[in-house]
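Inside the fold
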2 protein chains.
Amino acid sequence: MRALCKAVLVLALSAVPALADPLPSWNDTDTKSAIIGFVDRVTDPASPDYVPPADRIATFDNDGNLWAEQPIYFQLIYALDRVKERAEADPSILSTDALKAAAEGDLETLAAGGIEGLLEVLAVSHAGISVEDFQADVNAWFDSARHPTTGMRYDEMIYQPMLELLSYLRDEGFQTWIVSGGGVHFIRAFAERAYNIPPEQVMGSAGPTEYVDGQVMKLPGIDFVDDKEGKPVGIDSRIGKRPIFASGNSDGDFAMLEYTTSGDGPGFGLLLHHTDAEREFAYDREGHVGVLNRGLDEGPDRGWVIVDMARDWSRVWP
Amino acid sequence: MRALCKAVLVLALSAVPALADPLPSWNDTDTKSAIIGFVDRVTDPASPDYVPPADRIATFDNDGNLWAEQPIYFQLIYALDRVKERAEADPSILSTDALKAAAEGDLETLAAGGIEGLLEVLAVSHAGISVEDFQADVNAWFDSARHPTTGMRYDEMIYQPMLELLSYLRDEGFQTWIVSGGGVHFIRAFAERAYNIPPEQVMGSAGPTEYVDGQVMKLPGIDFVDDKEGKPVGIDSRIGKRPIFASGNSDGDFAMLEYTTSGDGPGFGLLLHHTDAEREFAYDREGHVGVLNRGLDEGPDRGWVIVDMARDWSRVWP
Ligand SMILES: [Ca+2]
Ligand SMILES: [Ca+2]
């Protein structure tokens, strides 16, 4: 069946004289030609860099790479909204300084509480609930919450040029995976709708879970942090193959890009540089999200391609 | 492209008057008709039990379900072989009773050492090596090792009827996943060759790993036991969807089958009962591998189908 299909497609494609631009929201810069040149090389059976479809693994960071992450990770906004809502129903849950700060949206105090404070917030907003119910709640939140400065739905603050890149890679036989420091259950709630990426191709940070009576329940705590060296570790654990294409926007993605570009065969590293204060946000070396230093310093020498979002993208949102 | 391909396939298939038997090594018993009846129901768009392809998740235990597991798990034989080999080069590594027992193939003493002893054996045979080098070593072992009673290669002691079932399900739009208590890196070394299942659809028990200089290294210890309640937990973590078809052979699979058959939609549970002492091995309620009690007692009332391997299979090996 597959062979038949392939044969028919070859015939069908040979009748098409010219393919449409696969990346219409990317300006015609060296960034775009580097991406297309790489994809052409690894998909051309006559090329020395040819990679068979089964090994065309592409991995994408999520926050700041497929969707926005300012003024703070959207998942944290969800968590704060939920703590606030639950405290309105039952004020006694605000039993710690971190939870009080969360309910008030006081990020400074929350940050001062460090990881302990964050875990308290996650325990209220992300635990004691089945995975299915949690994801239904996340989607209810998407329906009602709006971004403080753009007024947009959070799940529409996704990058049109990256949607085109995902789609282009899939059309060329790649598997497109999300490898995110964000929570795996949170991202899976919207990744298929937003990015056309199914749950089984989403990995992320995760808390413990427990199987009880036919349901998987979310428990408090964090089991796996899918950031920095955790990204190649998670990729090995879930995919079991070294990617040949990796895309990120912060130094949390450095190890993933290094892993991707240090195999024996071809490997492509892409870093988004947030340079567009007008259409999106401009930030890099400092701040509390998406800090990018080592990637800017060492990326070019490693052959990684840095996307200048203001210059390389003709549009940002879908 | 996909739509075009689908249209062509519909045309091509409508020209085929009758489909060949998808399960030729299964005898024409009620077991075979139950499997085919379920697949027909969930793939027929006019059926109330129709499941779209994206949700056709099938999960398979490995030991005793896709390949044999007697006289003991094959991965343990690999581990003992490697401890013995390394001790020949450097006898000083036999620093504990468990390691001495392993090198002598003395399973009773090893078993008496419990989990601590097993971890010592795994630390010698499964750690301090990159994932890539480990898998090359596993494949070198497959090339030289032979089963003590059948004389067969271990990676050929796979069940022909299960290969047909995997292939049939894939042809019907299912994803076929391995969910094994065995080690994930060990199974991935041969699963694509043996079962046509790629690494990214293999989950199993796992030790910690570490990313160092472009390589993922295996460390001593066990992080995740993909058995009993660990199976639905692993399925949620890796796939993020409830399966609609699950197949196993021991009470270690009970939770996976329960999870699969307790969703809102259709779900199929299959349990292999090892009844064939002549062609394979006969065992169930007692022993050190593949113990099946609760499944035999409760399975039928839960609607699970029990495969009587002697009666339902016309052949065992490929
Ligand atoms: Ca990021
Ligand atoms: Ca088993």
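Fair warning: this is a prediction, and the values are worked out from it, not measured in the lab.

Notes on the overall build of chain A
- Across its full length, chain A holds 13 helices and 10 strands.
- Dimensions of chain A along its principal axes, counting C-alpha atoms only, are 70 × 45 × 35 Å.
- A buried classification covers 54% of the 318 residues belonging to chain A.
- A separation of at least 24 residues holds for 67% of the contacts in chain A among residues at least 6 apart in sequence.
- When the accessible area of chain A is evaluated, it comes to approximately 13500 Å², of which 52% is carbon and sulfur surface.
- With 26 positive and 52 negative side-chain charges, chain A shows a separation of 4 Å between the mean positions of the two kinds.

Quick notes on the coordination of the calcium ion (ligand 1)
Residues and elements named next belong to chain A.
- Here the calcium ion (ligand 1) is held by Asp61 (OD), Asp63 (O) and Asn249 (OD1), and the distances to it run 2.2 Å.
- Donor residues binding the calcium ion (ligand 1) come from one chain and are separated in sequence as D-x1-D-x185-N. Here Asp61, found in the loop between strand S1 (57-60) and helix H3 (74-89), pairs with Asn249, found in the loop between strand S7 (245-248) and helix H11 (254-260); they are 188 residues apart in sequence, far enough to count as distant. Each member of the pair, Asp61 as well as Asn249, carries the same accessibility label: buried.

What to know about the pairing of strand S8 (residues 268-275) of chain B
All names here are of chain B.
- Of all eight residues making up S8, seven are buried, and the element is well covered by its neighbours.
- With four bridges connecting them, strand S7 (residues 245-248) and S8 associate as parallel partners. The residue of S8 that forms the bridge with Gly248 is Leu271.
- Once the chain exits S7 it traverses helix H11 (residues 254-260) before rejoining the sheet at S8, and the crossover so formed is right-handed.
- Relative to strand S10 (residues 305-308), S8 is paired through four bridges, and the arrangement is parallel. In the strand pairing of S10, His273 is matched with Asp308.
- Judged from the two bridges that link them, S8 and strand S9 (residues 282-283) form a sheet pairing that is antiparallel. When the bridges of S9 are listed, His274 appears paired with Tyr283.

Overview of the pattern of salt bridges
- A complete count under the given rule lists 42 salt bridges over all chains for this structure.
- Taking the shortest distance from any N to any O, the salt bridge between B:Arg294 and B:Glu298 comes out at 2.9 Å. With B:Arg294 and B:Glu298 both in helix H12 (residues 294-298) and four residues apart, the pair spans about one turn of that helix.
- Residue class for B:Arg294 comes out partly exposed when judged on its relative accessible area of 39%.
- Using a relative accessible area of 28% as the deciding quantity, one classes B:Glu298 as partly exposed.
- B:Glu298 is the salt-bridge partner of B:Arg302, the closest N and O atoms lying 3.2 Å from each other.
- Assessed through its relative accessible area of 34%, B:Arg302 is described here as partly exposed.
- One connected set of salt bridges, linked through shared partners, spans A:Arg82, A:Glu85, A:Arg86 and A:Asp137.

Comments concerning the coordination of the calcium ion (ligand 2)
All names here are of chain B.
- Within the protein, the calcium ion (ligand 2) binds to Asp61 (OD), Asp63 (O) and Asn249 (OD1); these donor distances fall in the range 2.2 to 2.3 Å.
- Sequence positions of the donors to the calcium ion (ligand 2) reduce to the motif D-x1-D-x185-N. There is no split in this pair, since Asp61 and Asp63 are both buried.

Description of the interface of chain B and chain A
- If you look at the interface, chain B gives 36 residues, while chain A gives 37 residues.
- A combined buried area of about 3200 Å² lies between chain B and chain A, and 55% of that area is made up of carbon and sulfur atoms.
- There are four salt bridges connecting chain B and chain A.
- We note a salt bridge from A:Glu200 to B:Lys241, for which the minimum N-O separation is 3.0 Å.
- Viewed at the interface, chain A and chain B are joined by 24 residue pairs in polar contact (both at pLDDT 80 or more).
- The dominant element in the side of chain B that touches chain A, judged by the number of residues it contributes, is helix H1 (residues 2-14) of chain B, at six residues.
- Across the side of chain B that touches chain A, the residue classes tally to 18 nonpolar, eight polar and 10 charged.

Examining the sheet that holds strand S6 (residues 215-218) of chain A
- Strand order in this open sheet of three strands is S2-S6-S5 (chain A), and the pairing throughout is antiparallel. The two strands at the open ends of the sheet, each matched to only one other strand, are strand S2 (129-130) and strand S5 (209-212) of chain A.
- Strand direction decides the pairing type here: S2(A) and S6(A), joined by two bridges, are antiparallel. Residue pairing in the sheet places A:Ser130 in a bridge with A:Met217 of S6(A).
- Contacting S5 and S6 of chain A, helix H10 (residues 230-238) of chain B crosses the sheet at an angle of about 125 degrees to S5(A).

Section: the relation of the copies chain B and chain A
- For the pair chain B and chain A, the superposition axis carries a translation of 0.0 Å, the fit reaches an RMSD of 0.0 Å, and the rotation angle comes to 180 degrees. The transformation relating the two chain copies, once decomposed into turn and shift, fits a two-fold axis.
- The fraction of interface residues of chain B whose copies in chain A are also interface residues reaches 100%, indicating that both copies meet through the same surface.

What about the domain arrangement of chain A?
Residue and element names in this part refer to chain A.
- Partitioning chain A into domains gives domain 1 (21-71 + 153-312) and domain 2 (74-129).
- Its C-alpha centre places domain 1 at a distance of 29 Å from the equivalent point of domain 2.
- Every contact between the two is made by 16 residues of domain 1 and, on the other side, 11 residues of domain 2.
- Across the domain 1/domain 2 interface, buried area totals approximately 1100 Å², and carbon plus sulfur atoms make up 74% of it.
- It is Tyr154, Phe186 and Lys218 in domain 1 that bury the most area against domain 2; as a group they hold 47% of the surface buried on that side.
- At the boundary of domain 1 with domain 2, the tally comes to zero salt bridges.
- There are three residue pairs in polar contact (both at pLDDT 80 or more) connecting domain 1 and domain 2.
- Contributing elements (two or more residues each) for the side of domain 1 that touches domain 2: strand S3 (175-183) and S6.
- For the side of domain 1 that touches domain 2, the element with the highest residue contribution is S6, accounting for three residues.
- Here the side of domain 1 that touches domain 2 is built from residues that sort into 10 nonpolar, four polar and two charged.

Overview of the packing of aromatic side chains
- For the structure on display, the rule yields 48 aromatic pairs over all chains.
- Taking the centre distance of 5.5 Å and the plane angle of 75 degrees together, the rings of A:Tyr78 and A:Trp141 count as edge-to-face. Here A:Trp141 lies in helix H7 (residues 131-144) and A:Tyr78 lies in helix H3, a separation of 63 residues in the sequence. For the pair formed by A:Tyr78 and A:Trp141, the shared burial category is buried.
- With a centroid separation of 5.9 Å and 85 degrees between ring planes, the pair formed by B:Tyr78 and B:Phe134 is classed as edge-to-face.

Thresholds applied
Residues numbered from 1 in each chain as written. Chains lettered and ligands numbered in written order. Predicted model: local features only at pLDDT ≥ 70, side-chain atom pairs only at ≥ 80, totals over all residues. Heavy atoms only, no water. Helix = DSSP H or I, 4+ residues; strand = E, 2+ residues; numbered from the N terminus. Buried < 20%, exposed > 50% of the residue type's maximum accessible area, 1.4 Å probe, protein only. Contact = heavy atoms within 4.5 Å. Areas by Shrake-Rupley, 256 points an atom, 1.4 Å probe, with all protein chains shown as cover. Lys, Arg positive; Asp, Glu negative; His and termini not counted. Charge placed at Lys NZ, Arg CZ, Asp CG, Glu CD. Donors = N, O, S within 2.8 Å, 3.2 Å for Na, K, Ca; no water. Pairing = 2+ DSSP bridges. Right-handed = clockwise from strand over helix to strand, strands pointing away. Salt bridge = Lys/Arg side-chain N within 4 Å of Asp/Glu carboxyl O. Buried area = accessible area lost by both parts, 1.4 Å probe. Polar contact = N/O pair within 3.5 Å; in protein donor to acceptor, adjacent residues only side chain to side chain. Nonpolar A, V, L, I, M, F, W, Y, C, P; charged D, E, K, R; others polar. Axes fitted to C-alpha atoms, helices over the stretch in contact; angles between N-to-C directions. Least-squares fit on C-alpha atoms with pLDDT ≥ 70 in both. Domains from an automatic or database assignment. Phe/Tyr/Trp six-rings, centres within 6.5 Å; stacked < 30°, edge-to-face > 60°.

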